[in-house]
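Chain and residue survey
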Amino acid sequence: MSKIINILLVGVGGQGTILASKILTNVALAQGYEVKMSEIHGMAQRGGSVVTQVRIGEDVHSPVIEPGEADYMVAFEQLEAYRWSHFLKKDGVLIVNTQKIVPLPVLIGAATYPENILVELKGRVEHFINLDGLKLASEAGNVKATNVVLMGVLSKYMDFPEDAWKNALVAGIPAKLLDLNMKAFASGVAEVK
Amino acid sequence: MSNVTNVLLCGVGGQGVLLASEVLALVAAEEKAQVKQTEVHGVAQRGGSVVSHLRFGDQVYSPTVRTGTGDILIAFERLEAVRYGHYLKPGGLMLINDIEVMPGQIGEYQPYPTGIIEFVQSKGFQIQEISATAQAKALGNPKVSSLIILGALSANLDMPQQAWERIIRKRIPPKLVDINLKAFKVGIEMAQARAQVAVSSV
Amino acid sequence: MTQEVGQRMLMAGNNAIARGAYEAGVYFASGYPGTPSTEILEVLSQHREIKAQWSANEKVAFDEAMGVAMSGKRALCSMKYVGLNVAADSFMVFPFAGTIGGFVVISADDPGMYSSQNEQDNRYFARLAEIPMIEPSDPQEAKDYLKLAYEISEKFSTPVLFRTSMRVSHSKGMVTLGERVKVGDSTSFVKDVPNWVVPIFAKSLKAKLDAKFAAITDYVETYEYNRIEKGTGKIGVITSGASYTYTKEILPEASVLKLAITYPLPKQMIIDFCAQYDKVYIIEELDSFIEDQIRVWGVTNLSGKDIFPRTGEFSPDILAKCLFNEQPMQDFSNEFNIISRPPQLCPGCPHRGAYLALKKSGALVTGDIGCYTLGSLPPLGAMHTSFAMGTSIGNAFGFELGGISKVAAVIGDATFIHGGIPSLIDIVYNGGNTTVVILDNSTTGMTGHQEHPATGQTLQGKEVPKLDLVNLVKALGVKHVQVADPFDQKAMYQAIKDALEHEGPSVVITNRPCIFARGEKQRPKTPYVIDIDKCTQCGACQRIGCPGVLPGEQAAIDDVSCTGCSLCAQACKFDAINLKGE
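Going along each chain's sequence as written, the residues are numbered from 1 onward. Chains carry letters from A onward and ligands carry numbers from 1 onward, assigned in written order. The predicted nature of this model means local features are confined to residues of pLDDT at least 70 and side-chain atom pairs, given and counted, to a pLDDT of 80 or more, with totals for whole chains, interfaces and linings taken over all residues. Derived side-chain values reflect all non-hydrogen atoms in the structure, with water molecules and hydrogen atoms excluded from consideration.

Comments concerning the overall build of chain C
- Within chain C, the secondary structure is distributed over 19 helices and 23 strands.
- Each radius of gyration is computed over the set of C-alpha atoms, and the globule rule expresses the reference value as 2.2 Å times the number of residues to the power 0.38. The C-alpha radius of gyration computed for chain C amounts to 27 Å, which stays within 12% of the reference 25 Å derived for 582 residues, consistent with globular compactness.
- Dimensions of chain C along its principal axes, counting C-alpha atoms only, are 80 × 65 × 55 Å.
- Burial status follows relative accessibility: with a 1.4 Å probe on protein chains alone, a residue under 20% of its type maximum counts as buried, one over 50% as exposed, and anything between as partly exposed. Here chain C holds 582 residues, and the buried ones make up 58% of them.
- Contacts are residue-level and defined by heavy atoms, with any inter-residue pair within 4.5 Å sufficient. Of all intrachain contacts in chain C linking residues separated by at least 6 positions in sequence, the fraction that spans at least 24 positions is 74%.
- Element-wise, carbon and sulfur atoms account for 53% of the exposed surface of chain C, whose accessible area totals about 23300 Å².
- Only four residue types enter the charge count: Lys and Arg as positive, Asp and Glu as negative, with His and the chain ends excluded. We put the charge of a Lys on NZ, of an Arg on CZ, of an Asp on CG and of a Glu on CD. Put simply, chain C has 54 plus and 64 minus side-chain charges, and the middle of one group is 3 Å from the middle of the other. Numbering of helices and strands runs from the N terminus; a helix is a DSSP stretch of H or I covering at least four residues, while a strand is a stretch of E covering at least two. The Shrake-Rupley method, run with a 1.4 Å probe, gives the accessible areas here. Residue values count only the displayed protein chains as cover.

Given below as structure tokens:
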């Protein structure tokens, strides 16, 4: 890797974006790359928007990704995909979990959840894939493993060997939950044809 | 600033230095266009050294007196006269109350220095020693020593006596006014007697 | 002294500030005692039309004044400069929202550290908070500038920092009095969440603050009270505050740009001024606050901290020395042994009793800010650290955590209320063993004996229930609490010993008032006297460091200053010291 790979993970507080980014960075570190990561996690616990920026390369300085610079974007929720889509490169890859989490303004009737987000995004982005991560995770054994499903999807687009991802899962996930997370990861991988 | 009079009052916390300088400042305020006075009074209550700067005239900017320019230095205690003596101009007037208040000791015991009067005389200042504290005790209240000192000072400044008396009446609590006025007059008399002695001994 | 409109009278800077607040129509003033600001609130409180109060600490004072300002009335908050460190949290955020009624914060700095623990230059606070700052140079300005400060505050809805210094606050000068602005009693706060709930709306409020400050910077460019006094010759001076008065003494012919508003600076006015002279001197005490800003604009014909000191206050002598190499008259200490006269704990001070017992215990004693700080000096030498208000308790726990055994913290009653309570809570919560000795002398002593929540009276003389320190400490979870009489050395020492040996947090509270506490001066006192027949001249009574016990070969007691506390008698092993008349 002579250049830097920029990955953006976006979602809603509580969806596990931070754990996912930890797995991703562990994969990169194990492969000998330098990683810079930044997140703003204050509002995460309270259902606010969460963004994690991961930069991987041989020599990484800034931890911050600018709009139009993300090679990959993994969106854990539709509206968040829409909100951050301008960060993606023209030929970048957008992975969207189709889950909708209704934000407060919509709940109190002050706004409406936008329609046709997926159609919009598909039209704008060169490499687009959406999936029902929640359903796949549920089938693997627990809806909380949605984040690992999405990592499975991402792993198919990135250049790291699959074993590296599996090792990162073993290192990062408590033993008794490993089985279900491996299943979740595999179902994510299977989504990419 | 040609016609500015520079006065310093110094002594030990609790001796009435700041009260005296306030009275002097108030008198000057009635008579002069501009008066500036300043002190650092934090340690006054706790037996530390106290110095008050006072300047008055047509136009006064800085409240602090420059070293070597003071017209009059009034020391309520001997050691303080030496500590602040360098503020006095060559040949300036030094009024010294002739008591010695031992400083609080830090570390090794240091005796109260001797030869103070000889030393300040050797500097070429005009020295007037007054027994203000002794006289105040004779009057029945050692605390009026500061007013005796003010009386002696007033004899060396050209401000009307009525102004002094008016301010003393205003500033001092009513039941203490009489004894303080008396003390003030005693101070004037002491200064005038000394002047007469000086003249007659020529 | 009566005060009438139009009257010209001699006034101290702080009294003039108080008068200025009165004339500016201030409705409420809060603060905490601290040299050189204390007199401001004391004098202001004498005006019964103004609600004035000592608050528990400067942050509380600030928050209260904020509330008054937000209700639409003019509010004043006064403190010593380090007090702004305490209030800084609110001070830094309030400008984001702005104010409704005029809001002025007074910071009284102490260049030269006559009565302070450090020499920080509080002008930076104005810059840090993005608010304007005004600085008087003498008592007349100290009065007049309050009105100006409130006008600016309300014109731009901004807090204003009014910065004074020891020399301006504690100097007297002639002041002409003015009228009090009419004060209405209507309130005007509108519940507008996006303006007043700053943490959530900070981003948009910051943009507003920046725009507001740009407008203030423009306004200041032609501010009439920043004035140029044209002189003869090729030298210019830019100055403010007390330094202006020294400049006028030493450089009477120079052209002077006197700044009233010292932040933001009038950039074009300054650049134009500097262009007219070969050399411009920036005469400012402490940091190169003004000089640095001017240099950034590319002005190079300046001289400032290359010749003037960065520490200590200025004086005409110092200016003459730096500018012309004129040496001031040296004091006579080279030629004569002028022994020092340090301040000490007063005769009859209860802290002396506590310290004698602590010294005997051999504990490491962490200390705090107050009269009792003097207990660190010889001959007591019984307090070993001191930094800032309320620090002693946390420090003591820290020493314990660091592995040092036998540590006790001393803290005054006012200081404990100011900032010691959370620290004591923490010792209980985090499982410490620390001993805390609250030196309760029923007053805020060092600053001139002000009242506080545990003395039973407010600043404006209202009798109120006393904060019960014993029960407060128990309610915080401290199980071992003991009240001890510092004038009973045996009992005091036992209380400290028990506290140090107790497993778990312990508090000892002393119970003798300061000799200057309310009501104490009038109490009749019987002095002690030394029987020279019994006296062996061992010096033990002198070693307690009481000014009432005169030094010398034969000790004697000064019966004018002796208050009869009996500590010297207890130090005597020969029963040579007894009450007069016994």
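So that's the structure; there's more coming.
Quick look at the domain arrangement of chain C
Residues and elements named next belong to chain C.
- Domain delimitation follows an automatic or database domain assignment. In terms of domains, chain C is made up of domain 1 (8–221), domain 2 (227–328), domain 3 (350–510) and domain 4 (524–582).
- Each of domain 1 and domain 3 has a C-alpha centre, and the two are 32 Å apart.
- When the two sides are added together, the surface that domain 1 and domain 3 hide from each other amounts to roughly 1300 Å², 55% of it contributed by carbon and sulfur.
- Area buried by domain 1 at its contact with domain 3 is led by Y32, W54 and Q117, which between them contribute 36% of it.
- Salt bridge criterion: a side-chain nitrogen from Lys or Arg within 4 Å of a carboxyl oxygen from Asp or Glu. Our count for the domain 1 to domain 3 interface comes out at zero salt bridges.
- What qualifies as a polar contact is a pair of N or O atoms within 3.5 Å, subject to a donor-acceptor requirement within protein and to the restriction that residues adjacent in sequence count only when both atoms come from side chains. Taken together, the links from domain 1 to domain 3 amount to seven residue pairs in polar contact (both at pLDDT 80 or more).
- For the side of domain 1 that touches domain 3, the secondary structure elements donating two or more residues are α2 (38–44) and β3 (51–54).
- With four residues, the single largest contributor to the side of domain 1 that touches domain 3 is β3.
- Gly is put with the polar residues, along with every residue not named as nonpolar or charged; the nonpolar set is Ala, Val, Leu, Ile, Met, Phe, Trp, Tyr, Cys and Pro, and the charged set is Asp, Glu, Lys and Arg. Along the lines of polarity and charge, the residues of the side of domain 1 that touches domain 3 split into eight nonpolar, eight polar and four charged. A 1.4 Å probe defines the accessible area here, and the buried area is the portion of it lost by two parts on being joined, summed over both.

Some details on the sheet that holds strand β5 (residues 88–97) of chain B
- In spatial order, the strands read β6(B)-β5(B)-β4(B)-β1(B)-β3(B)-β2(B)-β8(C)-β1(C); together these eight strands make up an open sheet with mixed pairing. The two strands at the open ends of the sheet, each matched to only one other strand, are β6 (126–130) of chain B together with β1 (8–12) of chain C. On average, each strand axis in the sheet is tilted by 20 degrees relative to the strand beside it, whichever way the strands run.
- Here strand β1 (residues 5–12) of chain B pairs with strand β3 (residues 49–57) of chain B via eight bridges, running antiparallel. Strands are treated as partners if at least two bridges between them are detected by DSSP. The axes are straight lines fitted to the C-alpha atoms, using for helices just the contacting stretch, and the angles between their N-to-C directions are given from 0 to 180°.

What about unusual backbone geometry?
- Here the bond from T35 of chain C into P36 of chain C is cis, since omega is 5 degrees, no more than 30 degrees from zero.
- Mapped onto the fold, P36 of chain C is located in the loop between β2 (28–31) and α2.
- A cis amide bond, omega 0 degrees, links P378 of chain C with the succeeding residue P379 of chain C.
- If you trace the backbone, P379 of chain C turns up in the loop between β15 (364–366) and α15 (391–401).
- Of note, N116 of chain A is a non-glycine position whose phi angle comes to about 55 degrees, a positive value.
- Within the fold, N116 of chain A resides in the loop between α3 (104–107) and α4 (117–124).
- The exposed category is assigned to N116 of chain A, whose relative accessible area is 55%.

Some remarks on the nonpolar core
Residues and elements named next belong to chain C.
- Nonpolar core, defined: a set of buried Ala, Val, Leu, Ile, Met, Phe, Trp, Tyr and Cys residues in which side-chain atoms within 4.5 Å join the residues together. Grouped together as the largest cluster of nonpolar side chains are 86 residues, with contacts concentrated most on L76 and I238.
- For this core, the element with the most residues is helix α6 (residues 139–156), which contributes eight residues.
- Split by domain, the residues of this core number at least three in each of domain 1 (8–221) and domain 2 (227–328).
- Formed by 65 residues, the second largest nonpolar core is a distinct cluster that contains C349, M492, A499 and V508.

A closer look at the interface of chain B and chain C
- Taken together, the 57 residues of chain B in the interface contact 50 residues of chain C.
- Of the roughly 4700 Å² buried between chain B and chain C on both sides combined, carbon and sulfur atoms contribute 62%.
- Our count for the chain B to chain C interface comes out at six salt bridges.
- Put simply, E80 of chain B and R341 of chain C hold a salt bridge, and the shortest N to O gap is 2.6 Å.
- Across the contact surface, chain B and chain C share 18 residue pairs in polar contact (both at pLDDT 80 or more).
- At six residues, the largest contribution of residues to the side of chain B that touches chain C is made by strand β2 (residues 34–39) of chain B.
- Broken down by class, the residue content of the side of chain B that touches chain C amounts to 25 nonpolar, 20 polar and 12 charged.

A word on the packing of helix α1 (residues 17–31) of chain B against helix α6 (residues 161–171) of chain B
Residue and element names in this part refer to chain B.
- Look at α1 against α6: their axes get within 9 Å of each other, and the N-to-C directions meet at 125 degrees. The angle between the axes of α1 and α6 places the two elements in the oblique class. Note that α1 runs across α6; the crossing there is right-handed. Between α1, through L19, E22, V23, L24, L26, V27, E30 and E31, and α6, the contact on the second element is made entirely by A163, W164, R166, I167, I168, K170 and R171.
- In the contact of α1 with α6, the residues fall into nine nonpolar, no polar and six charged. Here the angle decides the label: under 35 degrees means roughly parallel, over 145 means roughly antiparallel, 65 to 115 means roughly perpendicular, and every other value means oblique. Should the near helix be turned counterclockwise from the far one by less than a right angle, the crossing is left-handed, whereas a clockwise turn marks it as right-handed.

A look at the arrangement of the chains
- Contact between chain A and chain B is absent, and the least distance between their C-alpha atoms amounts to 48 Å.
- Across all C-alpha pairs, the smallest distance from chain A to chain C is 11 Å, and the two are not in contact.

Section: the packing of α6 of chain C against helix α9 (residues 198–220) of chain C
All names here are of chain C.
- The geometry of α6 relative to α9 is characterised by a closest axis approach of 11 Å and an angle of 135 degrees between their N-to-C directions. If you check the angle between α6 and α9, you find them oblique. Like other packed secondary-structure pairs, α6 and α9 cross with a definite hand, here right-handed. When α6 is examined against α9, the residues I152, K155 and F156 are found in contact with a partner set consisting of K212, A215, I216 and Y219.
- Taken together, the residues of the contact of α6 with α9 sort by class into five nonpolar, no polar and two charged.

Things to note about the pattern of salt bridges
Residues and elements named next belong to chain C.
- Applying the stated criterion across every chain, the model contains 45 salt bridges over all chains.
- A salt bridge links E23 to K143; the nearest nitrogen and oxygen atoms lie 2.7 Å apart. Within this pair, whereas E23 is found in helix α1 (residues 13–23), its partner K143 is found in helix α6, the two being separated by 120 residues in sequence.
- Here E23 falls in the buried class, since its relative accessible area comes to 2%.
- For K143, a relative accessible area of 4% corresponds to the buried category.
- Linked through salt bridges whose partners overlap, the residues forming this network are D109, D121, R123, E135, R163 and E284.

Re helix α1 (residues 17–30) of chain A
All names here are of chain A.
- Residue count minus one, scaled by 1.5 Å, sets the expected span of a helix. Its 14 residues place the ends of α1 20 Å apart at the C-alpha level, agreeing with the 20 Å of an ideal helix rising 1.5 Å per residue.
- Those residues of α1 lying buried are T17, A20, S21, I23, L24, T25, V27 and A28.
- At its buried positions, α1 is contacted by β1 (5–12), β2 (34–39), β3 (49–57), α6 (146–157) and α7 (162–172).
- In the stretch just after α1, G32 is the one whose phi turns positive, near 90 degrees.

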